[in-house]
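# Summary of structural features
Now for the letters of each chain:
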Amino acid sequence: MKKYFFLASVAVIALSSCSNEEISEVSVLPGTGATPIEFTAYTGRATRYSASEAGIENLVYNADNNSGGFSLTGVYTVDNELAYIENLNNAVYTADAEAESHSCSSVDGKLAMWPSEVSSDMQYSFYAYYPAGSQYTVLDAEQGKLNITVGDPETDVMAAAATVTKGNAVALEFKHLLAQVEINVQYDEEYYGTLGAIAADLTSLSLRAPQYSTYDFAESSIVANAETLSVYSFVSSSVSLYSSASSKGVAMIPANNGNGTSCELSISYYFALQGDQSLDYEKTANVTIVAGCKNVINVTVKGDTPISITASVAPWDSVDDQDIDL
């Protein structure tokens, strides 16, 4: 498993295609005279990560290792004060991936019922997020926001929200809130041949990007904190380069959605020549990543030629690969 190291730092910030997977879960609550709350949940445009892809299997709670599932909170306003639906205050829910309906239930077995003492036209807001109970995802139900910190760049973060009146099914569309960033590197074959090089090695590769972001459920906006940055190290020791691109890792990184976030890519490499000689280079480039999508950065290393970057931005559900010649 690849490891990604990141250090606190201060500076500027760092494209993309999304896949599609639908998940459906409906809670089945026994009739007790009160009105049960029914939930339908699914993911929209899905990002992928090197270790795993967040999907239906991630929303299934595993009691053996206390993992999986999602946190669910239900709130409403009474006399200008926030009130929580009973048994729905960061409750951990699990999906049944095997059942045809993918029904959901709370891990502790407590039932969620519509409050009976309020008017039928009362608006209820529901907030859900994955991973469940993570110290790195903190819900602010009063503000309707989820604060995200990247503690492990190999972990995806998803969230969903819905506002409905009593008795209606609650449809929760889970959205991926981090930018999945994959970096591919190769050397320029023509330049390599011109040098008469015998090898090319990559010695370091990193992105300077945010460590924190905030998701606004009502606005569906993701804003990364541009003041607190980290260095995400994809390569920290020498690895061989070839004329065809190869992945140097994938990481989940906070970024803005919409127009994305600019970050700085740093790379060090060398070309080995005959007679124990080498040409060493250290270069930087600015790239853009978008939260909620797969961001592919293709880097081609050369020599002393200027850095050139080409990026084509398509609609939100797809952003073309980003090519960088160094």
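Quick summary incoming for the structure in this document. Everything numeric in this text was worked out from a predicted model, so none of it was measured. (Residues numbered from 1 in each chain as written. Predicted model: local features only at pLDDT ≥ 70, side-chain atom pairs only at ≥ 80, totals over all residues. Heavy atoms only, no water.)

## Structural notes on the overall build of the protein
What the protein contains, in helices and strands, is one helix and 25 strands. Burial analysis of the protein (326 residues in total) assigns 48% to the buried set. Surface summary for the protein: the accessible area is close to 15000 Å², and the carbon and sulfur share equals 44%. (Helix = DSSP H or I, 4+ residues; strand = E, 2+ residues; numbered from the N terminus. Buried < 20%, exposed > 50% of the residue type's maximum accessible area, 1.4 Å probe, protein only. Areas by Shrake-Rupley, 256 points an atom, 1.4 Å probe, with all protein chains shown as cover.)

## Side note on the packing of aromatic side chains
Both the distance between ring centres and the angle between the ring planes are used here to describe each pair of aromatic rings. Counted under the stated rule, the structure contains 13 aromatic pairs. Geometrically, the ring pair formed by Trp-114 and Tyr-124 is edge-to-face, given 5.0 Å between the ring centres and 65° between the ring planes. With a gap of 10 residues between them, Trp-114 in the loop between strand 8 (104-106) and strand 9 (123-130) and Tyr-124 in strand 9 connect regions that are remote in the sequence. Like Tyr-124, Trp-114 is buried. Among the aromatic residues, those joined into a ring-pair cluster are Tyr-187, Tyr-191, Tyr-192, Tyr-269, Phe-271 and Tyr-281. (Phe/Tyr/Trp six-rings, centres within 6.5 Å; stacked < 30°, edge-to-face > 60°.)

## Let's talk about the environment of Ala-200
Its location among the elements puts Ala-200 in strand 15 (residues 199-210). The spacing of Ala-200 and Ser-240 is 40 residues in sequence and 6.1 Å in space, taken between C-alpha atoms. Every residue in contact with Ala-200, bar those within four places of it in the chain, is listed here: Tyr-187, Tyr-192, Val-239, Ser-240, Leu-241, Tyr-270 and Phe-271. (Contact = heavy atoms within 4.5 Å.)

## Details of the sheet that holds strand 17 (residues 221-224)
The strand order across the open sheet built from four strands is 10-11-16-17, with neighbouring strands paired in antiparallel fashion. Each edge of the open sheet is held by one strand with a lone partner, namely strand 10 (137-140) and strand 17. Between one strand axis and the next, the sheet turns through 20° on average, direction left out of account. Alignment of strand 16 (residues 212-216) against strand 17, held across four bridges, turns out to be antiparallel. Bridge pairing links Asp-216 to Ser-221 in strand 17. (Pairing = 2+ DSSP bridges. Axes fitted to C-alpha atoms, helices over the stretch in contact; angles between N-to-C directions.)

## Overview of the pairing of strand 5 (residues 70-78)
Buried residues dominate strand 5, accounting for seven of its nine residues. Of the pairings in the sheet, the one linking strand 5 to strand 7 (residues 91-95) comprises three bridges and is antiparallel in character. Looking across to strand 7, one finds that Leu-72 is bridged to Ala-91. Strand direction decides the pairing type here: strand 5 and strand 9, joined by five bridges, are antiparallel. Bridge pairing in strand 9 links Val-75 to Ser-125. Pairing of strand 5 with strand 6 (residues 81-84), which is carried by four bridges, proceeds in the antiparallel orientation. The residue of strand 6 that forms the bridge with Tyr-76 is Ala-83. Hairpin geometry of strand 5 and strand 6 is characterised by an intervening segment of two residues between the two adjacent antiparallel strands and by a positive phi of about 50° at Asp-79.

## Some details on the pattern of salt bridges
As enumerated under the stated definition, the model contains two salt bridges in all. Across the pair Lys-294 and Glu-182 runs a salt bridge, and its minimum N-O distance is 3.4 Å. Of the two residues, Lys-294 sits in strand 23 (residues 294-301) while Glu-182 sits in strand 14 (residues 179-187), which places them 112 residues apart along the sequence. Looking at Glu-182, the relative accessible area reads 16%, which means it is buried. Two residues, Glu-264 and Arg-208, come together in a salt bridge whose shortest N-O distance is 4.0 Å. Of the two residues, Glu-264 is situated in strand 21 (residues 261-273) and Arg-208 in strand 15; the sequence distance between them amounts to 56 residues. (Salt bridge = Lys/Arg side-chain N within 4 Å of Asp/Glu carboxyl O.)

## Regarding the side chain of Asn-58
Locating Asn-58 in the fold gives a position in the loop between strand 4 (45-46) and strand 5. Here the side chain of Asn-58 touches Tyr-130 through a polar contact of 3.0 Å, side chain to side chain. (Polar contact = N/O pair within 3.5 Å; in protein donor to acceptor, adjacent residues only side chain to side chain.)

## With respect to the pairing of strand 12 (residues 158-165)
Summarising the sheet, strand 9 and strand 12 pair through eight bridges and their orientation is antiparallel. Bridge pairing links Tyr-130 to Met-158 in strand 12. As paired elements, strand 12 and strand 13 (residues 170-176) share two bridges and run antiparallel to each other. Residue pairing across strands places Met-158 opposite His-176, the latter belonging to strand 13.

## Considerations on the side chain of Lys-248
Take Lys-248: it is sitting in strand 20 (residues 246-253). Of the polar contacts made by the side chain of Lys-248, one reaches the side chain of Ser-246; its length is 2.9 Å.

## Concerning unusual backbone geometry
Between Tyr-130 and the following residue, Pro-131, the backbone shows a cis peptide bond with an omega angle of 5°. Considering the arrangement of structural elements, one finds Pro-131 in the loop between strand 9 and strand 10. Positive phi outside glycine occurs at Asn-80, with the angle close to 65°. On the secondary structure map, Asn-80 appears in the loop between strand 5 and strand 6. Although it is not a glycine, Ser-220 adopts a positive phi angle of roughly 55°. By the element assignment, Ser-220 lies in the loop between strand 16 and strand 17.

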